[in-house]
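Geometric and topological summary
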Amino acid sequence: VINLLYVEDNDDNAFMLQMRFEMLEGYEVHVAANGKAGIEAARTMRPNLILMDIGLPDIDGLEVTRQLKTDARTRTIPIIALTAHAMTGDREKALATGCDEFDTKPVDFDRLLGKIEACLR
Amino acid sequence: MVSHRRSELGRFISIQRRFNYALFGVLGALLLAFAFAAIAYTSSQAERGLREKLDNTASIARVSLTQALWNVDGQVAADFVNALFLDRNIVHASVVYSGNVLAERDRSGANAPPFASYVNDRRFITISADVHYNGRTIGTIRLVFSRDSVREQIILNAAGVLGLAVLIFAGAAVTSMWVTRRYISQPLRELSVSASRIAAGDLDAAIDVEGRDEIGALAQNFDAMRGSIRTLVGELRESNAGLEEANRTLEHRVALRTAEVAAAMREAESAHGRMIDAIESISEGFVLYDSRERLVVCNGRYREMLPPALAKIIAPGVAFETVVRTAAMHGLVQELDEAGGTETWIQKRIGHSHNPAGPIVLHLADGRWVRISERRTDEGGCVGVWQDITDLKAHEADLELARDAAMQASQAKSSFLATMSHELRTPLNAIIGLSEMLTQHADRFTPERRQESQRRILNAGRHLLNLINDVLDLSKVEAGKMELQIDTCDVAQLVNDVIATARPLAEKNGNVLDVTLPPDIPPVRADATRARQILLNLLSNACKFSRNGAVSLTVSAVREGSGMAVAFAVSDTGIGLTEEQMGKLFAEFVQADASTAREYGGTGLGLAISRRLSRQMGGDITVCSVQGKGSVFTALLPVATQPGQPATAPTTQPPDVGPLAADTRGVVLVIDDDPTAREVLAGHIHALGFQAIFAAEGQEGLALARSANPQAITLDLHMPDLDGWSVLTALKADPVLADIPVVIVTIDDVSGRSFAMGAAGFLTKPVSTDALARILLPHRSGNRRLSALIVDDDPDHGRRMQALLADLGHDAACVDGGRKAIGWLVGNTPDVILLDLMMPGIDGFQLAECMQGHPDWRCIPIVVVTAKDLSAAERARLGENVRGVIGKSGMAPEQLAARITALLSSVPDQPRAAPAEPVS
């Protein structure tokens, strides 16, 4: 079973993605609704992979990524930025901050799965 | 000429005469000598002949008579004597024998004298010859010859000689005269005449003197000389003529040259005049220094551009360094400190003029900017061209602002697009994801899950619709395409409609909704739908950002510019806004915080739309907020004025404040180390209706001043820990305390220094109540409600100040420019004016100047509110009524409130002729 942490403040989006992984076998999705909760969850549950929304209410998703990537306990966890910020430069910014992959909303689920699998390999 | 020479040299004697005189003299003398010699010779010859004849006769006689005598024959003797007498020269002849005259004859006859008488007579020659015989003298013959024949012969000879001499003389004379005349005199005369003619200038007269002699040669030479002279004279004449010609040419040239020089001088003068005119006519300042760095010339524009203190010293001859130094010493230039001090600046400035490298820009103390372009001249001087670039600078600043604004707008647009993309993608993500699953895996959905998914799709779809509607609304308003149905709206109905919608929103977050709607609120002119949209936007925002708090809507009528408005103030107890957020809140395409918008929902465009709508309806929305405490959003809508029923100001005018009771005038802090002095001052202060608090030391005084916020401070100078000057300096350096008036109370007269350091008053001990009253009474405070006029071209800032003053219990009207302020002042006299300086049209400086010139306005106190650092000259320009300066930024609202309170507390409550009238 692959443990996914999804840091997402938008309830509808969290619900949607959770549902999608439920329909697959072998994925367990945990949702954190803001940055602080995301960092906390990453440290405690040590997920296999983190899906990171960027626009979070308390701490920016990029800042959360930076903190996780500088923390020895969470540094090795691959992070895929999953954001509605799809303008030029957003991808580069995310990768530069430490994200391993980047994908935009609305989510192309098969593409996302491919990226997840690639990150986990 | 000749006669002149004659007279000079004495009597003129011709050469001929001189020669003849000399010749005649010599010849005469020679002839005379010859004549006399000849005469003498012939005479002696005659004498000798006569004597020989006598001797011969005697000899003959002796011979002839020897016999006669021997015989003593008288006859023979007599015959002999007679024969002798044939010679006519014989005068006497006698023959003597032994003393007896044997014969005698004498031509004189009988009376013949004795022989002896002849002997000594010069006329006769005598001879007595003895006749010898046999050696014995036998007789004597005596003969006398007359010398007459000799004399006759001599005379004849002399006559002949003389006659010859005379003949020779005459011949010689005539010859000489002829010769001298012919060969000397005449040629010389002719020569002389010719010479005279030559002397008289007649060089053509040939000298016609013949002769192969010296004179001829002389004449020829002379003639040759005349020829030469004539040639020479001819040449001389020619050269003279040439010279004269040259002279005339020269004179002509000189005349021409003189005329040219005069013309050139006139030209030069006129050129100089033209140059001065040209220099004067150029729009830039012009100044020329010579190689010794002395001012040569400058134009009027240059003087105009100089500050008056500097223009005074500008005159030809003034040294460049003097000019620079004067400018620096009088603080006429603003960059002194930046340049590293006055002296450094002076040296830099002089150095630049020596070696100009590009133009320099000076910021003068009066706010003007000048660009100075300097060039060295070939003669080592320096030309400066001064250009007033104040407008250019202002324009530059405007351009910079415009550019910044454009860049911000562009950035905001990009940011808006990014945000919009994000905001659209977020609900779409849910919609697409969920509907994809519902389509692909419909069989795997439980009914509950399906329902949940469908509900979420619907919500997200609705959110998208709202978003799109808001964007469309905003773009319509932006483009001015929003069509409004402006009509008279009843405020109560409007409020009730909105409250009905807002109440559920408030309750959703556990908020209490409180509405204050006075009964006499006039109707507004507005589009009812849009007015509802605005109020609902404000109320829903308030409800969203407050949880378990209170949301209130307070409606009031306010004076708005020259008219009336209804203010709908929506306050919440939510998270509030930072200063920065407030600034951006209404800006196009900008949300205060995108994540906030997500947390609290909404598109984040509501406020931008609401403000634009309200402005389009003649109103506005302002905001006042304290972070963490909540915000107040106030929508203003103009009052609908109906004919014959002018809008009126709220009937709830503040009651006029009566005479102040004791203890309400405020607190006076007494800083003095002497207990007796404190007691005395306390007595006076109480007598004036103030409370007194005390500090015995400087530090304590400063602490008390901060904590007690006194109305005024009295300050002793001599204190043990911190002297009064230091306390005063510390008070004036603290922005919160700086405006508390400080009265110096001391023994020495140091009033000048006191006022220079910012003291409001100065008293020497012992202090009288009256003297203290004069200083303190203008500073008393109380519950007095002031009317203030805010003049500010930035409506946001004006409203903020207005709200702040309202919170502090004062009335404030706000106008957005100097011109409107003057219009407002015509009907109203405020207690104080809060004046922004930099405004388009009539700016703050001009308004202050205008007020100084108006009898009713010159006493109105002014509080300057500006973002500008004021120079001394600018302060002076604002006049004496400026109570203080409030910086436009960098002050928290509480701090600002404290500062305004302090400044307003110094506003005197002087009696005024006309209190503020309601605007009709």
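Residues numbered from 1 in each chain as written. Chains lettered and ligands numbered in written order. Predicted model: local features only at pLDDT ≥ 70, side-chain atom pairs only at ≥ 80, totals over all residues. Heavy atoms only, no water.

Here the focus is the overall build of chain B. If you tally the helices and strands in chain B, you get 27 helices and 26 strands. Looking at chain B as a whole, 41% of its 920 residues qualify as buried. Considering only contacts within chain B whose residues lie at least 6 apart along the sequence, 62% involve residues at least 24 apart. If you sum the accessible surface of chain B, you get close to 48600 Å²; carbon and sulfur atoms cover 55% of it. (Helix = DSSP H or I, 4+ residues; strand = E, 2+ residues; numbered from the N terminus. Buried < 20%, exposed > 50% of the residue type's maximum accessible area, 1.4 Å probe, protein only. Contact = heavy atoms within 4.5 Å. Areas by Shrake-Rupley, 256 points an atom, 1.4 Å probe, with all protein chains shown as cover.)

Going through the model one piece at a time under the given rule, you end up with 35 salt bridges over all chains. One salt bridge connects Asp366 of chain B with Arg368 of chain B, and the closest N-O pair in it is separated by 3.0 Å. Arg368 of chain B gets classed as buried once you look at its relative accessible area, which sits at 18%. Its salt-bridge partner being Asp404 of chain B, residue Arg403 of chain B comes within 3.3 Å of it at the nearest N-O pair. Judged by relative accessible area, Arg403 of chain B falls into the partly exposed class, the value being 47%. Residue classification places Asp404 of chain B among the partly exposed positions, given a relative accessible area of 33%. In the salt-bridge network here, residues are joined through shared partners; they are Asp11 and Asp12 of chain A together with Glu452, Arg455 and Arg456 of chain B. (Salt bridge = Lys/Arg side-chain N within 4 Å of Asp/Glu carboxyl O.)

On to unusual backbone geometry. In this model, Lys105 of chain A is joined to Pro106 of chain A through a cis peptide bond whose omega is -5°. Looking at where Pro106 of chain A falls in the secondary structure, it is placed in the loop between strand 5 (101-104) and helix 5 (109-120). Despite not being glycine, Arg46 of chain A shows a phi value in the positive range, around 45°. Within the secondary structure, Arg46 of chain A sits in the loop between helix 2 (35-45) and strand 3 (49-52). With a relative accessible area of 47%, Arg46 of chain A lands in the partly exposed category. The residue Glu293 of chain B is not glycine, and still its phi comes out positive at about 65°. The topology assignment puts Glu293 of chain B in the loop between strand 5 (285-289) and strand 6 (295-298).

The description of two aromatic rings rests on the distance between their centres and on the angle between their planes. Applying the stated rule across the entire model yields six aromatic pairs over all chains. Ring geometry for Phe21 of chain A against Phe109 of chain A: centres 5.1 Å apart, planes inclined by 65°, an arrangement best described as edge-to-face. Here Phe21 of chain A, found in helix 1 (residues 11-23), pairs with Phe109 of chain A, found in helix 5; they are 88 residues apart in sequence, far enough to count as distant. Ring centres 5.1 Å apart and planes at 90° place the aromatic pair Tyr302 of chain B and Trp386 of chain B in the edge-to-face group. Taken together, the residues Tyr302 of chain B in helix 7 (residues 300-305) and Trp386 of chain B in strand 9 (residues 382-388) connect sequence positions 84 residues apart. The residues Tyr302 of chain B and Trp386 of chain B share a single accessibility class, namely buried. (Phe/Tyr/Trp six-rings, centres within 6.5 Å; stacked < 30°, edge-to-face > 60°.)

Bringing the side chain of Gln802 of chain B into the picture now. Residues and elements named next belong to chain B. For Gln802, the position within the fold is in helix 23 (residues 795-807). A relative accessible area of 16% means that Gln802 is categorised as buried. Engagement of the side chain of Gln802 in a polar contact is seen with the backbone oxygen of Ala812, the distance being 2.9 Å. When sequence neighbours within four positions are dropped, the list of residues in contact with Gln802 reads Arg559, Ile790, Ala812, Ala813 and Cys814. (Polar contact = N/O pair within 3.5 Å; in protein donor to acceptor, adjacent residues only side chain to side chain.)

The next point concerns the interface of chain A and chain B. Across the contact, 25 residues belong to chain A and 26 residues belong to chain B. Here chain A and chain B share an interface that buries about 2300 Å² over both sides, 57% of which is from carbon and sulfur atoms. A per-residue breakdown of the area chain A buries against chain B is headed by Phe15, Arg20 and Met23 of chain A, which together make up 28% of the total. Counting across the chain A and chain B interface gives four salt bridges. Note that Arg456 of chain B is salt-bridged to Asp11 of chain A, the shortest N-O span being 3.1 Å. The interface formed by chain A and chain B holds 10 residue pairs in polar contact (both at pLDDT 80 or more) in total. Looking at the side of chain A that touches chain B, its residues break down into 12 nonpolar, six polar and seven charged. (Buried area = accessible area lost by both parts, 1.4 Å probe. Nonpolar A, V, L, I, M, F, W, Y, C, P; charged D, E, K, R; others polar.)

Here we take up the nonpolar core. Val491, Leu539, Leu553, Val555, Val566, Phe568 and Phe633 of chain B are the most contacted members of the largest nonpolar core, which totals 50 residues. Counting 33 residues, the second largest nonpolar core, distinct from the first, contains Leu69, Ile141, Phe145 and Ile154 of chain B. (Core = buried A, V, L, I, M, F, W, Y, C linked by side-chain atoms within 4.5 Å.)

Here we come to the environment of Ala278 of chain B. Inspection of the secondary structure puts Ala278 of chain B in helix 6 (residues 214-281). Overall, the relative accessible area of 39% leaves Ala278 of chain B in the partly exposed class.

Residues and elements named next belong to chain B. Strand order in the open sheet formed by five strands is 6-5-9-8-7, with antiparallel pairing between adjacent strands. What marks the edges here is a single partner per strand, and that holds for strand 6 and strand 7 (360-363). Direction aside, neighbouring strands of the sheet carry axes that sit 25° apart on average. As paired strands, strand 8 (residues 369-376) and strand 9 are joined by seven bridges and run antiparallel to one another. In the sheet register, Ser373 faces strand 9, and the bridge partner there is Val385. The sheet strands contacting helix 10 (residues 342-354) are strand 7, strand 8 and strand 9, and the helix crosses strand 8 at an angle near 45°. (Pairing = 2+ DSSP bridges. Axes fitted to C-alpha atoms, helices over the stretch in contact; angles between N-to-C directions.)

Our next topic: the packing of helix 12 (residues 447-478) of chain B against helix 17 (residues 606-616) of chain B. Residue and element names in this part refer to chain B. One way to put it is that helix 12 packs onto helix 17 with a least axis distance of 10 Å and a crossing angle of 35°. Crossing hand, helix 12 versus helix 17: left-handed. For the pair formed by helix 12 and helix 17, the contact residues are Asp470, Asp473, Leu474, Val477 and Glu478 on the first element and Ala608, Ile609, Arg612, Leu613 and Gln616 on the second. Here the contact of helix 12 with helix 17 is built from residues that sort into five nonpolar, one polar and four charged. (Left-handed = near helix turned anticlockwise from the far one by under 90°.)

Right, let's get into helix 2 (residues 15-70) of chain B. The terminal C-alpha atoms of helix 2 of chain B lie 79 Å apart, and with 56 residues this matches the ideal 82 Å at 1.5 Å per residue to within 8%. Helix geometry: helix 2 of chain B is bent most strongly at Ser64 of chain B, by close to 40°. (Expected span 1.5 Å × (residues − 1). Bend = angle between axes of the 7 residues up to and from the residue.)

We now examine a nonpolar patch on the surface. Residues and elements named next belong to chain B. Taken together, the side chains of Phe34, Leu164, Leu167 and Ile168 present a nonpolar region at the surface, about 390 Å² in accessible area. A total of three residues in the nonpolar patch trace back to one element, the largest contributor, which is helix 5 (residues 148-199). Examined against the element boundaries, Leu167 turns out to sit in helix 5. Note on Leu167: relative accessible area 62%, which makes it exposed. (Patch = residues over 30% accessible without salt bridge, like charges linked within 9 Å, V, L, I, M, F, W, Y side chains within 5 Å.)

Residues and elements named next belong to chain B. Among the five residues that make up strand 23 (residues 811-815), four are buried, leaving the element largely enclosed by the rest of the structure. Note that strand 22 (residues 787-791) and strand 23 share five bridges and pair parallel. By the bridge assignment, Ser787 is partnered in strand 23 with Asp811. As a crossover connection, the stretch from strand 22 through helix 23 into strand 23 is right-handed. (Right-handed = clockwise from strand over helix to strand, strands pointing away.)

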